[in-house]
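Below, each chain spelled out in residue letters.
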Amino acid sequence: MNFDIGFIFQVMGQIIRYVPITIYMAVVSLIIGGMLGLVVALVRYYKVPGLSQLFSIVITILKGVPLILAFLVIFLITSQNFNHFAKAIGWRVRYGDLPMSVLAIIGLSLMATVGLSEAFRGAFESVKQVQFDAARSLGMTQLQTIRRVLIPQTMPVALPMIINMFINLIKGTAIASLVSVVEIFSAATQAASSNYKYFEAYIAAALIYWMMTIVIERGAVFLEVRMDKKIKRS
């Protein structure tokens, strides 16, 4: 087998234009998963009756489900039932009108919700009880305590895990190729389909993922430094 290093750079030039769709799916999934994960973590942290036990069971189940399996289940359920559901509630949108990237975002959002709910719940434990006592002494309600004390103090602790989840989501976007969404992995596969140089194409894709990871990690270090300075000033 002749290793064609020139083809690696050729493929990198072709697939780099699909970086935005990869980042888009990862960012949207991180935002959705972060919001849902925060709600789940708060419910479990405050032990809300009924919901806390339900969320614990759901998170435990989803932890054991591979991402690709969750995605295929979402795809099958959506493809078979979306039109009936849309018709029942009066939507004019049909399954064929949906961007297939939406299915990938749903699957990735589930993954982010599971991971970030555990990250937030662990970070909540880092807040000392004296902080809550001080909030109560100032007459803060529970909602104000969450917004002004709990969340601001847990974000610096949870940030490394959030960044790690973002990187995992970027790599996880490869599942979108299963429903013909062209992102980095799918573009690399297509580039190699004419000459069967898949090894070089996948190296090209790996290099793109690697460079994206480096940029994200550098940005995370900068953000951590800024947050540390802000905490020290306060």
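Residues numbered from 1 in each chain as written. Predicted model: local features only at pLDDT ≥ 70, side-chain atom pairs only at ≥ 80, totals over all residues. Heavy atoms only, no water.

- Looking up the chain in an unreviewed UniProt entry gives the name L-Cystine ABC transporter, permease protein TcyM, with the organism given as Leuconostoc gasicomitatum.
- According to the UniProt record, the Sequence similarities (unreviewed entry) comment for the chain is "Belongs to the binding-protein-dependent transport system permease family." (UniProt positions renumbered as here; feature names shortened; annotations may be inferred.)

1. Let's talk about the nonpolar core
Stage number 1. Val11, Ile15, Phe120, Phe124, Leu150 and Ile184 are the most contacted members of the largest nonpolar core, which totals 58 residues.
Stage number 2. The greatest single-element share of this core, amounting to 11 residues, is contributed by helix H7 (residues 142-172).
Stage number 3. Once residues within four sequence positions are removed from consideration, Val11 is found in contact with Ala188, Ala191, Ala201 and Ala204. (Core = buried A, V, L, I, M, F, W, Y, C linked by side-chain atoms within 4.5 Å. Buried < 20%, exposed > 50% of the residue type's maximum accessible area, 1.4 Å probe, protein only. Helix = DSSP H or I, 4+ residues; strand = E, 2+ residues; numbered from the N terminus. Contact = heavy atoms within 4.5 Å.)

2. A few points about the UniProt feature "domain: ABC transmembrane type-1" (unreviewed entry) in the chain
Stage number 1. This chain's UniProt record puts "domain: ABC transmembrane type-1" (unreviewed entry) on residues 19-220.
Stage number 2. Secondary structure over residues 19-220 splits into 78% helix and 0% strand, and the C-alpha atoms at its two ends are 19 Å apart.

3. Digging into the packing of helix H2 (residues 19-45) against helix H3 (residues 51-63)
Stage number 1. Between H2 and H3, whose axes approach to 8 Å, the crossing angle comes to 125°. By the criterion of interaxial angle, the relationship of H2 to H3 is oblique. For the element pair H2 and H3, the recorded crossing hand is left-handed. Along its contact with H2, which presents Val40, Val43 and Arg44, the element H3 presents Leu51, Ser52, Phe55, Ser56 and Ile59. (Axes fitted to C-alpha atoms, helices over the stretch in contact; angles between N-to-C directions. Parallel < 35°, antiparallel > 145°, perpendicular 65-115°, else oblique. Left-handed = near helix turned anticlockwise from the far one by under 90°.)

4. Quick look at a nonpolar patch on the surface
Stage number 1. On the surface, a cluster of nonpolar side chains totalling about 480 Å² of accessible area is made up of Ile23, Val27, Ile31, Ile32, Met35 and Leu36.
Stage number 2. Among the secondary structure elements, Ile23 is positioned in helix H2.
Stage number 3. Residue class for Ile23 comes out partly exposed when judged on its relative accessible area of 34%. (Patch = residues over 30% accessible without salt bridge, like charges linked within 9 Å, V, L, I, M, F, W, Y side chains within 5 Å. Areas by Shrake-Rupley, 256 points an atom, 1.4 Å probe, with all protein chains shown as cover. Salt bridge = Lys/Arg side-chain N within 4 Å of Asp/Glu carboxyl O.)

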